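Report on the structure
Listed below are the residues making up each chain.
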Amino acid sequence: MHYETSTGITCNFRHEDRDEMPYVVVRDVPGIPGVLVYHAASFLMAAAEGRAFTIGPDWNDQEPFVIAIEDVQAIAAMVRSAVERKRGYFEMKWVALQPSDPF
């Protein structure tokens, strides 16, 4: 599957191997050349939290680039529709920072 953001960034869904986590391949980021690969769960988490997704720079002369919340939610929708349900599932867990918590 393929999605293009309002700023021209292209995102492609990749899930090649049965045991591999699904990925989002990001290209054409303004100011950050090359191909970037992120776990699809990163976009799902950002969409679930209602926040933008920041792409960090590789070098000191580059600036971080922020993908808008609307585009993050569209990318997450692309991931949800593209993933094959029989190959696994996404799970979010809450982990206490305080180890003495009883749950």
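Residues numbered from 1 in each chain as written. Predicted model: local features only at pLDDT ≥ 70, side-chain atom pairs only at ≥ 80, totals over all residues. Heavy atoms only, no water.

A short note on the overall build of the protein
Formally: A run of H or I in DSSP becomes a helix once it reaches four residues, and a run of E becomes a strand once it reaches two; helices and strands are each numbered from the N terminus. Throughout, exposure labels follow a simple rule: accessible area from a 1.4 Å probe, protein chains only, divided by the maximum for the residue type, with under 20% read as buried, over 50% as exposed, and the rest as partly exposed. Note on contacts: a residue pair is in contact if any heavy atoms of the two residues lie within 4.5 Å.
Regarding its fold elements, the protein presents two helices and six strands. Secondary structure elements in the protein, listed N-terminal to C-terminal, are β-β-β-β-α-β-β-α. In the protein, which comprises 103 residues, the share counted as buried stands at 32%. If you take every contact in the protein between residues at least 6 apart in sequence, the share linking residues at least 24 apart comes to 39%.

A closer look at helix 2 (residues 69–82)
Quick note on the threshold: One fewer than the residue count of a helix, multiplied by 1.5 Å, yields its expected span. What the arc measures is the spread of directions leading from the helix axis to the C-beta atoms.
Over its 14 residues, helix 2 runs 20 Å from end to end, which matches the ideal 20 Å to within 8%, given 1.5 Å per residue. Among all positions of helix 2, only D71, V72, I75, A76, M78, V79 and A82 are buried. Down the axis of helix 2, the smallest arc covering the buried residues is 155 degrees, so these residues share one side. Pointing more than 90 degrees away from the buried face of helix 2 are the exposed residues E70 and S81. Buried positions along helix 2 lie against strand 1 (2–4), strand 2 (10–14), strand 3 (23–27), helix 1 (40–49), strand 5 (53–55) and strand 6 (65–67).

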